[in-house]
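Examination of the molecular architecture
The lines below spell out each chain.
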Amino acid sequence: MEERSQIVDAAINAYGKPYQTAVTLLTLLRHSGEWINKIYFVEEKKQPEPSNFKFILDYLGDKVVYYRPKVWLWTNKLRFNFLKNFKKYRYAIRYQYAWEKSDSKYLLVLHNDVYFKGDLVGAYLENLGAASGIGRVGQCWVCPAYSANLCNPDKYTAYRPSYLELMELSVRYPQARTRTYSDVVNPAIPWPLPECRLNEYVAMIDLEKTRKDTIPLGKGSAFGSYERLDVGVKWFFDMNNLGHSFQHFDYDPYATHSWISLKNAGHDALFNEDVYQYEESVAKEVLKREFGISNNG
């Protein structure tokens, strides 16, 4: 394991959910604070409703590097060369500001609806090995190769079907997005599979290894770019084909994503006002009970 020092920066993009955001960061620091140097807090240019994050920033003080992009990208796709040359747009990609500004060896990227139950960062450092990143690999629940029992997160590097085999699998085991595979899969380079990625819910990346191969320095897409099918899929594809490998690690014993609804899809709450308000009310109570923090703003 690395020497016990603050060698990890955290990056969080806040789109609504101020109370859940606070719980995410405070439970992270409660269990893994010894590793964390800076927290890059990016408040998205647009918010689902008026959101007050000031109480979080005030509480964390100089632990936080705050940034608010000048534009709102959401899931819009922009050309690689355009992003490479225009910081204003590149910094609006999830986690990209932290990616370029961090001077720590590792970057922990996380959603703002995670509840930490243990020292996940320490476990990541202990299990990373020679890999370029660690976390849960693959959106296997929507992958035809997984449904066919041909692939799983621990052997994603071993199963490398041809384009024809992959397309046949997508017909035999149809999933939510298999109909788009013909548009997003390169017939000449079909691997990694289109649902493969290092899931951004809570993952740790070795910046010293990957930064040189990632925009704006390298040929790889941004980690947080929304390309192919989802966030991080194109980056994962690029990194693997540039020689990087990634360690699958099931974080469930240490952290729970979308911890209130347990749907593993915090995205849903952003489009359902009742769900959103309920989840925020639960997080607010947890914040008060576990950390003694009340905020009525």
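Structural data are supplied above this passage.
I will try to describe carefully the structure that is included in this document. (Residues numbered from 1 in each chain as written. Predicted model: local features only at pLDDT ≥ 70, side-chain atom pairs only at ≥ 80, totals over all residues. Heavy atoms only, no water.)

1. Looking at the overall build of the protein
Heads up, the condition is: Counting from the N terminus, the helices are the DSSP runs of H or I reaching at least four residues and the strands are the DSSP runs of E reaching at least two. We compute the radius of gyration from the C-alpha atoms alone; for a globule the expected value is 2.2 Å times N to the 0.38, where N is the number of residues. When a residue's accessible area, from a 1.4 Å probe over protein chains only, is under 20% of the maximum for its type it is buried; when over 50% it is exposed; and in between it is partly exposed. Two residues qualify as a contact provided that any one of their heavy atoms is within 4.5 Å of a heavy atom in the partner residue.
When you go through the protein residue by residue, the secondary structure sums to 12 helices and 11 strands. For 297 residues, the compact-globule formula gives about 19 Å, and the C-alpha radius of gyration of the protein, at 19 Å, lands near that figure. With respect to the principal axes defined by its C-alpha atoms, the protein has extents near 55 × 40 × 40 Å. Looking at the protein as a whole, 56% of its 297 residues qualify as buried. Considering only residue pairs separated by 6 or more positions, the protein has 76% of its internal contacts joining residues 24 or more positions apart.

2. Description of empty space enclosed by the protein
Rules: Here a cavity is any set of points on a 1 Å grid over the protein atoms alone where a 1.4 Å probe fits but cannot get out, and a pocket is any open set with protein on both sides within 12 Å along at least 5 of 7 lines; a residue lines the site when it has an atom within 4 Å of a point. Grid points are joined across faces, edges and corners, and a volume is the space filled by probe spheres set on the points. Here the term charged refers only to Asp, Glu, Lys and Arg, the term nonpolar to Ala, Val, Leu, Ile, Met, Phe, Trp, Tyr, Cys and Pro, and the term polar to all other amino acids, Gly among them.
Under the defined criterion, the tally for this structure stands at 2 cavities of 30 Å³ or more. Taken as a whole, the largest cavity encloses approximately 70 Å³ of empty space. Around the largest cavity, the lining comprises 13 residues; the ones closest to its centre are Gly 138, Cys 140, Cys 143, Cys 151 and Cys 196. Considering only residue class, the lining of the largest cavity consists of 9 nonpolar, 3 polar and 1 charged. As for the second largest cavity, its lining consists of Ala 22, Leu 25, Leu 26, Phe 55, Ile 56, Tyr 59, Leu 60 and Ile 293. Among the elements of the structure, α1 (18-32) and α2 (54-60) are those that each provide at least two residues to the lining of the second largest cavity. For the lining of the second largest cavity, the element with the highest residue contribution is α2, accounting for 4 residues.

3. Details of helix α11 (residues 233-241)
The element α11 is extensively covered by neighbouring structure, given that 7 of its 9 residues are classed as buried. All of the buried residues along α11 are Val 233, Trp 235, Phe 236, Phe 237, Asp 238, Met 239 and Asn 240. Structurally, α11 contributes buried residues whose contacts are with α5 (96-101), β7 (202-206), α10 (207-210), β8 (226-227), β9 (230-231) and β10 (246-248). Just downstream of α11, Gly 243 is the residue with a positive phi angle, here 105 degrees.

4. A closer look at the pairing of strand β3 (residues 64-67)
Under the convention used in this document: Paired strands, as defined in this entry, are two strands with at least two bridges between them according to DSSP. When the strands point away from the viewer and the path from the first strand over the helix to the second turns clockwise, the crossover is right-handed.
Note that strand β2 (residues 36-43) and β3 share 4 bridges and pair parallel. Of the residues in β3, the one forming a bridge with Ile 39 is Val 64. Following the chain from β2 across α2 to the adjacent parallel β3, one finds a crossover that is right-handed.

5. Some points on unusual backbone geometry
Between Trp 191 and the following residue, Pro 192, the backbone shows a cis peptide bond with an omega angle of 0 degrees. Among the secondary structure elements, Pro 192 is positioned in the loop between α9 (181-184) and β7. Put simply, Ile 215 and Pro 216 share a cis peptide bond, and its omega is 10 degrees. Mapped onto the elements, Pro 216 comes out in the loop between α10 and β8. The backbone of Asn 149 sits at a positive phi, close to 60 degrees, despite the residue not being glycine. In this fold, Asn 149 is placed in the loop between α7 (144-147) and α8 (163-172). Residue classification places Asn 149 among the exposed positions, given a relative accessible area of 68%.

6. Topic: the environment of Leu 110
When you line up the elements, Leu 110 lands in strand β4 (residues 106-110). Once the C-alpha coordinates of Leu 110 and Ala 11 are considered, the two residues, 99 residues apart in sequence, prove to be 6.4 Å apart. Excluding residues within four positions of it along the chain, Leu 110 makes contact with Ala 10, Ala 11, Ile 12, Asn 13, Thr 24, Leu 28, Tyr 95, Phe 116, Glu 200, Tyr 201 and Val 202.

7. Side note on the packing of aromatic side chains
Each aromatic ring pair is summarised here by two numbers: the centre-to-centre distance and the angle between the ring planes. The condition that has to hold: Whether two aromatic rings pair depends on their centres lying within 6.5 Å, for rings of Phe, Tyr and Trp, where Trp uses its six-membered ring; planes under 30 degrees apart make the pair stacked, over 60 edge-to-face, and the rest tilted. Geometrically, a lysine NZ or arginine CZ counts as sitting over a ring once it is within 6 Å of the ring centre and also within 35 degrees of the ring normal.
Within this structure, the stated rule accounts for 19 aromatic pairs. Where Phe 41 meets Tyr 66, the ring centres are 6.4 Å apart and the plane angle is 25 degrees; that geometry is what we call stacked. Here the residue Phe 41 occupies a position in strand β2, and Tyr 66 occupies one in strand β3, the gap between them amounting to 25 residues. Grouped by ring-pair contacts, the aromatic residues Tyr 95, Trp 99, Tyr 156, Trp 191, Phe 223, Trp 235, Phe 236 and Phe 246 constitute a single cluster. Sitting over the face of the ring of Tyr 251, Arg 136 holds its NZ or CZ atom 4.2 Å from the ring centroid. For Arg 228, the ring lying beneath its charged end belongs to Phe 237, and the centroid distance is 4.4 Å.

8. What to know about the sheet that holds β3
Convention followed: Geometry is summarised by axes, namely lines fitted to C-alpha atoms with helices restricted to the contacting stretch, and by angles between N-to-C directions that run from 0 to 180 degrees.
Sheet architecture is open: 7 strands sit in the order β3-β2-β1-β4-β7-β6-β10, paired in mixed fashion. Strands with a single pairing partner mark the edges of an open sheet, and in this sheet they are β3 and β10. On average, each strand axis in the sheet is tilted by 20 degrees relative to the strand beside it, whichever way the strands run. Strand direction decides the pairing type here: β4 and β7, joined by 5 bridges, are antiparallel. Following the sheet pairing, Tyr 106 is matched in β7 by Asp 206. Where α1 meets the sheet, it contacts β1 (8-14), β2 and β4, and its direction lies at approximately 175 degrees from that of β2. Packed on one face of the sheet, helix α6 (residues 120-127) meets β1, β2, β4, β6 (133-135), β7 and β10 and runs near 45 degrees to β7.

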